[in-house]
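Examining the three-dimensional arrangement
Residues per chain are reported as follows:
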Amino acid sequence: MGIRTVVLAFAVIVALGAGSAQAELTVTITITGGIDEVLPVLQYLSDLGIGTAPAEQDEEEGVRLEMHSVMAPEASTLGQGGEQTAAPATPPPPEPEPELGFSAVSIEPAVVRRGEMFLVTVRVGDPDKVVDTVAGTIQGHTFDLFDNKTHGDVKAGDGIWSGSLAVSQHALPPGEYAIEILAYDKNGDPVTKPDATGAPMALLTDAKVTLR
């Protein structure tokens, strides 16, 4: 049987003298025990008339009883001394380490007039900090992406690389083009990762843009 705590607040009206205002004194009693132990106490108080006022008595006179019952919440446990103790919180699972690779590639806007700027962004997973440079190539024209809050990059060092580019009307005719994105190490060599067979594969992805 669960432990039940009952807090009884007695509001007693005390007369200060003839013709003077009445003062209210509050006395609080806490009863702790099983429900079968607390209920007889409440019944006894009720038999004494505490908490009820006679019909002919003004409701501002006598003794008024306010009762607040508190049950132990389900998330609590009972301590060795009978006191309620909060259950220990379950720590959140650790976030998985990012794998080496590209994700969340985007081009904004995906359809652009020739001569106008568009922005290429890509998230780079780089747990061992081997990526030094990220570059995009469109029809043989290569441009850099940055993670230093320049060239359209929003936040430095957050793993999201960005690069802005405008293709002139004379460079390419209208149409859809793939932008190939590669990562390079500090020596200028392509960063590689094992493919399904274990062979080294260049860290590579692409996105498409439509030029008008």
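Here the structure is a predicted model, which means the values were calculated and not measured.

Looking at the overall build of the protein chain
Regarding its fold elements, the protein chain presents one helix and 15 strands. Every one of the 212 residues in the protein chain was classed for burial, and the buried ones make up 25%. Relative to all contacts within the protein chain whose residues are 6 or more apart in sequence, the contacts with residues 24 or more apart total 61%. Of the accessible surface of the protein chain, which amounts to about 14000 Å², a share of 54% is contributed by carbon and sulfur atoms.

A closer look at the pairing of strand β12 (residues 175–184)
Pairing analysis gives five bridges linking strand β9 (residues 133–138) to β12, with the strands arranged antiparallel. By the bridge assignment, Thr137 is partnered in β12 with Glu180.

Re the sheet that holds strand β6 (residues 101–108)
Within a sheet, neighbouring strands are paired by backbone hydrogen bonds and run either parallel or antiparallel to one another. Spatially, β6-β8-β11 is the arrangement adopted by the three strands of the open sheet, whose pairing is antiparallel. Only two strands of the sheet have a single partner each, and these edge strands are β6 and β11 (160–166). Averaged over all pairs of adjacent strands, the angle between strand axes in this sheet comes to 20°, irrespective of strand direction. Pairing geometry for strand β8 (residues 117–125) and β11, over seven bridges, is antiparallel. Bridge assignment links Met117 to a residue of β11, and that residue is Ala166.

Regarding the confidence of the model for the protein chain
A residue-level look at the protein chain finds 64% of positions with pLDDT of 70 or above and a mean pLDDT of 79. Confidence drops under a pLDDT of 50 for residues 12–16, and excluding neighbours within four residues, the segment shows 17 contacts in the predicted structure. pLDDT under 50 marks residues 72–78. Its contacts with residues more than four places away, or in other chains, come to 12 contacts.

Quick notes on the sheet that holds β12
Read across the sheet, five strands follow the order β7-β15-β12-β9-β10 without closing on themselves; strand pairing throughout is mixed. Each edge of the sheet is formed by a strand with only one pairing partner; in this case those strands are β7 (111–112) and β10 (141–145).

Topic: the pairing of β8
Look at any regular strand and the pattern is simple: side chains alternate between the two faces of the sheet. Pairing between β6 and β8: six bridges, direction antiparallel. By the bridge assignment, Gly101 is partnered in β8 with Gly125.

Remarks on the nonpolar core
Counting residues in hydrophobic clusters, the biggest one holds 26 residues, and the most contacted among them are Phe118, Val131, Val134, Ile138, Ile179 and Val209. Setting aside chain neighbours within four positions, we find Val209 in contact with Ile107, Pro109, Ala110, Val112, Phe118, Ile138, Gly175, Glu176, Tyr177 and Ile179.

Details of the environment of Phe102
Mapped onto the fold, Phe102 is located in strand β6. When the C-alpha positions of Phe102 and Ala183 are compared, they lie 9.1 Å apart, and in sequence the two are 81 residues distant. Apart from the residues lying within four places of it in its own chain, the contact partners of Phe102 are Val122, Arg123, Val124, Val134, Ile181, Leu182, Ala183, Leu203, Leu204 and Thr205.

Points about the side chain of Thr205
Within the secondary structure layout, Thr205 lies in strand β15 (residues 204–211). Residue contacts for Thr205: discarding those within four places in its chain leaves Phe102, Val105, Val122, Ile179, Glu180 and Ile181.

Rules of the game
Residues numbered from 1 in each chain as written. Predicted model: local features only at pLDDT ≥ 70, side-chain atom pairs only at ≥ 80, totals over all residues. Heavy atoms only, no water. Helix = DSSP H or I, 4+ residues; strand = E, 2+ residues; numbered from the N terminus. Buried < 20%, exposed > 50% of the residue type's maximum accessible area, 1.4 Å probe, protein only. Contact = heavy atoms within 4.5 Å. Areas by Shrake-Rupley, 256 points an atom, 1.4 Å probe, with all protein chains shown as cover. Pairing = 2+ DSSP bridges. Axes fitted to C-alpha atoms, helices over the stretch in contact; angles between N-to-C directions. pLDDT = per-residue confidence, 0-100. Core = buried A, V, L, I, M, F, W, Y, C linked by side-chain atoms within 4.5 Å.

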